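Listed below are the residues making up each chain.
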Amino acid sequence: MESPIPTVLSSSEVLGDSEVAAAAAMVRELMEVIETVGSYAGFRKTQRKDCLNLVRRLKLLVPLLEEIKDQVGNPLGVSGSGMDSLVSLKKALLGAKKLLKNCNHGSKIYLAMESEAVLSRFHGVYDKLNQALDGMPYDELGVSVEVKEQVELMRMQLKRAKRRTDTQDMELAMDMMVVFSKTDDRNADIAILERLANKLELHTIADLKAETAAIRKLVKHRGGHNETVQQILDLLGKFKLIVGIDETVSLDGPISTRTLRRCQSSLIPNEFLCPIILEIMTDPVIVATGQTYERESITKWLNSNHRTCPKTGQTLDHLSLAPNFALRNLILQWCEKNNFELPKKDTYPSSDTYSADLMEEISLLVKDLSSSHPNVRRDAVMKIRMLSKENPENRISIANTGGIPGLVQLLYYPDSKIQEHAVTALLNLSIDETNKRLIAREGAIKAIIEILQNGTDEARENSAAALFSLSMLNENKILVGNFIGIPPLVNLLQNGTIRGKKDAATALFNLSLNQANKSKAIKAGIIPPLLRLLDDKNLDMVDEALSILLLLVSHPEGRNEIGRLSFVETLVGIIRSGTPKNKECAVSVLLELGLNNSSLALAALQFGVYEPLREIAINGTNRAQRKANSLLQHMSKCEHIP
């Protein structure tokens, strides 16, 4: 006797042969999409965690698709509703693929600038995946209980991921803010630019070439130049200068002089061209990795705070440069044979001789840090301060010859000028990641905090900057908080010079990424001076203040203190008449307040926030539009708005 047709399907719901074939093809396509995204291996650092998590979750769908694939072969196995679910799932997966591809190949600078927008796109993908799976007719598709439970687990993970608030990318926020500021006098600081280049993984020639190509695609996709693109180009140009490439970054302008010169070099054997400037080498030298560069180019690279090989990205074991006589002879022979005249270049002293002389000088200066004569100590620490500012080799040499313990001892020396030089030298040395740990291990953080409390204005400013630099390491964030370093930073924020306030704000932002430090900052009284900064337009620190407040408002104690009606009124004023960036930050803070306390959202309405919010939702920055729309939706739930 024939088996009865399952009651879940009517004759009108059963797919025909062509539809069955289409369903089978669609399942194969969905599996290929998951396989493709699983092959991506270069996710940008700013989105890497979200990308890897999404790929891992998409792979959990493979067993589901395999079981559906088996069922599709049965003409009675797929209904119209099942086909609709597959279509919805296809749209969701293609959206995920597009997002992951962008995070794999897109501009690193753009993805960092628009990290909030990208996170919103991830949330949109999560929603589409959940909606597609929500109506999935598991029984009709012959899906086993085990696979169904696995899919439901994935859906729960997607919902949790949407609620999660990570601070992983927020460490970029202050550096990005400083670099893009038109008024902050630190925006050309080499240490900030280098730190940003390292975070964005744009510190090799290959990285920067790939970034330039990605920006070209971005401009083409967006349909031309705008202010955001120009900001990206300006920052890319600064990164290229750090690497040692001195050229104007242009996507559609005329060819630069250097580009013309490179075109003339097209017939020169590739091994004769310097990998940095792509010009024929007149004085080729070998670095520790065995790669050869033009001496002038690699010297500029090393003097720009680098300790890696530009071509390979490997860390250099030493910074000595050895002349490549064999290659130079080959170049001279080729030039003579091809009637090619080498460009005239300045000659350089022997690198080995220079390094030996410098090492001896540094060694003597480190010894003088312990001299019994105050003037000798003062001269030594002042010279070490200057040397530590010049290049990475000096910073490493000073540390290797025992300079850090000597400098830390001088932080306690009863001479304010010596203290000032010592803390500034340690600030310079802390640019090196290894030195950050060495400085903390020698007990410097506690001494730096004492100078922050009692030193000269310049010493206090540089102490705040040093604490910011050292606290880039999470373990040092904890140390600064435990050594009661936050109250004197709050005091500097309130009573310091303009530069002191900026350095204190930068340090406090970084330290407040640690949850325990948020509570300490709030108890230290950080909120009143932050609110005063919002009213002091001369300081131009509204963005910095709002960025810190956005961190603190995620803490219950912070919300309790910040959530006063007077502050809500101040936020509404900024939303109404601030700069685009001011408005973006203010809307973000108000949204966080309103989501946790609906009465504050209603108070903002009474202060007249509705019309400015609607304007921002239409004409604001990408991030501001999203936040404004979220806030408007929340307000409509609190009080019905037509």
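Parameters at a glance
Residues numbered from 1 in each chain as written. Predicted model: local features only at pLDDT ≥ 70, side-chain atom pairs only at ≥ 80, totals over all residues. Heavy atoms only, no water. UniProt positions renumbered as here; feature names shortened; annotations may be inferred. Helix = DSSP H or I, 4+ residues; strand = E, 2+ residues; numbered from the N terminus. Core = buried A, V, L, I, M, F, W, Y, C linked by side-chain atoms within 4.5 Å. Buried < 20%, exposed > 50% of the residue type's maximum accessible area, 1.4 Å probe, protein only. Contact = heavy atoms within 4.5 Å. Axes fitted to C-alpha atoms, helices over the stretch in contact; angles between N-to-C directions. Parallel < 35°, antiparallel > 145°, perpendicular 65-115°, else oblique. Left-handed = near helix turned anticlockwise from the far one by under 90°. Nonpolar A, V, L, I, M, F, W, Y, C, P; charged D, E, K, R; others polar. Salt bridge = Lys/Arg side-chain N within 4 Å of Asp/Glu carboxyl O.

With an unreviewed UniProt entry as reference, the protein is termed RING-type E3 ubiquitin transferase, source organism Gossypium mustelinum. Check the Catalytic activity (unreviewed entry) section of the UniProt entry for the protein; it says "S-ubiquitinyl-[E2 ubiquitin-conjugating enzyme]-L-cysteine + [acceptor protein]-L-lysine = [E2 ubiquitin-conjugating enzyme]-L-cysteine + N(6)-ubiquitinyl-[acceptor protein]-L-lysine." Turning to the protein, the UniProt record has this under Function (unreviewed entry): "Functions as an E3 ubiquitin ligase."

Draft legend 1. Region of interest: the UniProt feature "repeat: ARM" (unreviewed entry) in the protein. The UniProt record annotates "repeat: ARM" (unreviewed entry) at residues 402-444, 484-526 and 525-562. A distance of 11 Å separates the end C-alpha atoms of residues 525-562, which is 71% helix and 0% strand.

Draft legend 2. Examining the nonpolar core more closely. Core analysis: the largest hydrophobic core is formed by 99 residues, its most contacted members being Leu411, Ile526 and Leu546. Apart from the residues lying within four places of it in its own chain, the contact partners of leucine 546 are Leu534, Leu571, Ile574, Asn582, Cys585, Ala586 and Val589.

Draft legend 3. Fine view of unusual backbone geometry. Of note in the backbone geometry, glutamate 201 takes a positive phi value of approximately 60 degrees without being a glycine. Position of glutamate 201 among the secondary structure elements: in the loop between α9 (190-200) and α10 (205-222). Residue classification places glutamate 201 among the partly exposed residues on the basis of a relative accessible area of 23%. Positive phi outside glycine occurs at aspartate 540, with the angle close to 55 degrees. Structurally, aspartate 540 can be placed in the loop between α27 (527-535) and α28 (542-552).

Draft legend 4. Structural view of the packing of helix α24 (residues 486-495) against α27. Relative orientation of the contacting elements α24 and α27 amounts to 25 degrees, with a least axis distance of 9 Å. The orientation of α24 with respect to α27, classified from their angle, is roughly parallel. The chirality of how α24 crosses α27 is left-handed. Judged by residue contacts, Val490, Leu493 and Gln494 of α24 engage Pro529, Leu530, Arg532 and Leu533 from α27. Along the lines of polarity and charge, the residues of the contact of α24 with α27 split into 5 nonpolar, 1 polar and 1 charged.

Draft legend 5. Structural view of the pattern of salt bridges. Applying the stated criterion across every chain, the model contains 11 salt bridges. Among the ionic pairs, aspartate 134 bridges to arginine 155, the shortest N-O distance being 3.4 Å. Taken as a pair, aspartate 134 in helix α6 (residues 115-134) and arginine 155 in helix α7 (residues 145-163) lie far apart in primary sequence, 21 residues in all. Assessed through its relative accessible area of 55%, aspartate 134 is described here as exposed. Residues arginine 378 and aspartate 415 are paired through a salt bridge, measuring 2.5 Å at the closest nitrogen-oxygen approach. Residue arginine 378 is located in helix α16 (residues 374-390), and its partner aspartate 415 is located in the loop between α18 (403-410) and α19 (416-429); the two are separated by 37 residues in the primary sequence. Given the relative accessible area of 25%, arginine 378 is considered partly exposed. Relative accessible area serves as the criterion here: at 17%, aspartate 415 is assigned to the buried category. When salt bridges that share partners are traced, they join Asp134, Glu152 and Arg155 into one network.

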